[in-house]
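Each chain is listed here by its residues.
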Amino acid sequence: MSSNGKFIVIEGLEGAGKSTAIATVKQYLESRGHQVVCTREPGGTPLAEQLRTLVKQADLQEKVAPETELLLMYASRVQLLTNVIRPALAAGNWVLADRHDLSSRAYQGGGRQLGDSLLDTLRTAVLGDTRPDLTLYLDIDPAQGLARAASRGELDRIEQEQLSFFQRTRAKYLEIAAKEPNIVVIDAGQPLIQVQQALRQALQAAGV
Ligand code: T5A
């Protein structure tokens with residue numbers, strides 16, 4: 001927990017509606033007088049954006065090992081935490097993040113089936129005591145989310161994974177959310193207007 005600004009994260013599978021949710025939450029926070037800094041992961045700094053391009057690249061001529069993928073995500077995250085998130089919180093801004101550490105736990109821990117101990121070691125080393133105050137997880141059936149993502153055009157390397165990968169990822173998201181009280185599950189399969197209402201209710205319930 002930060003004693004200055006607060007750190008809010010939006011999570012979910014591809015096509016869950018994270019970009020749309022960011023706009024809703026940003027407007028809500030700004031209407032309450034908060035200065036909001038938006039981030040995305042992987043990415044959000046010049047080096048981290050290069051890592052994002054690499055990790056999403058679909059036409060690599062080699063297999064990407066799950067551990068490589070995980071380390072690239074955390075390399076990007078260290079840059080963002082160090083150069084953007086911590087300075088913004090310390091300056092009293094609120095940080096609104098499009099994905100953060102929970103994505104690695106769900107995609108690499110659940111989807112890629114990497115062990116908890118590797119994830120826990122990296123999390124401890126990279127995050128320190130910078131943890132989200134609130135995470136809004138947009139839960140969607142993977143087939144529905146991927147259909148939304150596919151309607152926008154070409155799929156990146158991760159989006160080209162089998163449905164079973166996204167089913168494992170979703171199961172991990174839900175498993176973690178059931179255990180951690182600062183993660184709120186929002187049904188993202190509803191019409192947009194209802195998702196937006198659920199987001200505002202979750203923010204109100206959290207006292208934001
Ligand atoms: N990744 C990331 C990891 O594996 N590990 C990690 O640690 C991290 C940080 C990042 C990729 O990297 C992986 C996960 C990802 O594969 P990304 O671009 O950040 O990639 O994430 P995506 O999930 O691919 O982003 P998308 O843009 O696909 O998803 P969004 O933002 O959730 O979806 P959005 O808001 O653009 O909406 C998609 C479409 O659906 C419509 C929207 O209008 C849009 O057309 N829509 C709705 N339609 C009907 N009803 C609703 N309720 C709707 N909400 C949105």
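How each quantity is defined
Residues numbered from 1 in each chain as written. Predicted model: local features only at pLDDT ≥ 70, side-chain atom pairs only at ≥ 80, totals over all residues. Heavy atoms only, no water. Near = heavy atom within 4 Å. Polar contact = N/O pair within 3.5 Å; in protein donor to acceptor, adjacent residues only side chain to side chain. Areas by Shrake-Rupley, 256 points an atom, 1.4 Å probe, with all protein chains shown as cover. Helix = DSSP H or I, 4+ residues; strand = E, 2+ residues; numbered from the N terminus. Nonpolar A, V, L, I, M, F, W, Y, C, P; charged D, E, K, R; others polar. UniProt positions renumbered as here; feature names shortened; annotations may be inferred. Contact = heavy atoms within 4.5 Å. Buried < 20%, exposed > 50% of the residue type's maximum accessible area, 1.4 Å probe, protein only. Pairing = 2+ DSSP bridges. Axes fitted to C-alpha atoms, helices over the stretch in contact; angles between N-to-C directions.

Please provide a residue-by-residue account of the site of the ligand, values included.
Not every one of the 28 residues close to the ligand is listed here, only the nearest: Glu14, Lys18, Arg99, Ser104 and Arg152. Between the ligand and arginine 148, the relevant distance is 3.3 Å, taken from a nitrogen atom to a side-chain nitrogen or oxygen of the residue. Within the backbone of leucine 192, an N or O atom sits 3.4 Å from a nitrogen atom of the ligand. For the ligand, whose accessible area on its own is 1,000 Å², the fraction buried by protein is 83%. Put simply, the parts of the chain that give the shell around the ligand at least two residues each are α1 (18-31), α2 (46-56), α3 (66-90), α4 (101-111) and α8 (192-205). When grouped by side-chain class, the residues that make up the shell around the ligand number 10 nonpolar, eight polar and 10 charged.

Explain the UniProt feature "binding site: ATP" (unreviewed entry) in the protein residue by residue, including any values.
In the numbering adopted here, UniProt assigns the feature "binding site: ATP" (unreviewed entry) to Gly12, Leu13, Glu14, Gly15, Ala16, Gly17, Lys18 and Ser19. Mapped onto the secondary structure, glutamate 14 falls in the loop between β1 (7-12) and α1. Beyond its immediate stretch of four places on either side in the chain, glutamate 14 contacts Arg99, Tyr107, Gly145, Leu146, Ala149, Glu159 and Phe166. For serine 19, the position within the fold is in helix α1. Classification of serine 19 by relative accessible area gives exposed; the value is 55%.

Lay out the sheet that holds strand β3 (residues 94-98) with the relevant residues and their values.
Spatially, the five strands line up as an open sheet ordered β2-β3-β1-β4-β5, and their pairing is parallel. Whereas interior strands pair on both sides, the edge strands pair on one side only; in this sheet they are β2 (36-40) and β5 (183-187). The mean inter-strand angle of the sheet, taken between neighbouring strand axes irrespective of direction, is 20°. Relative to β3, β1 is paired through four bridges, and the arrangement is parallel. Among the inter-strand pairings, valine 9 is bridged to a residue of β3, identified as alanine 97. Helix α7 (residues 163-179) rests against β1, β4 (134-139) and β5 of the sheet, and its axis sits at about 140° to β4.

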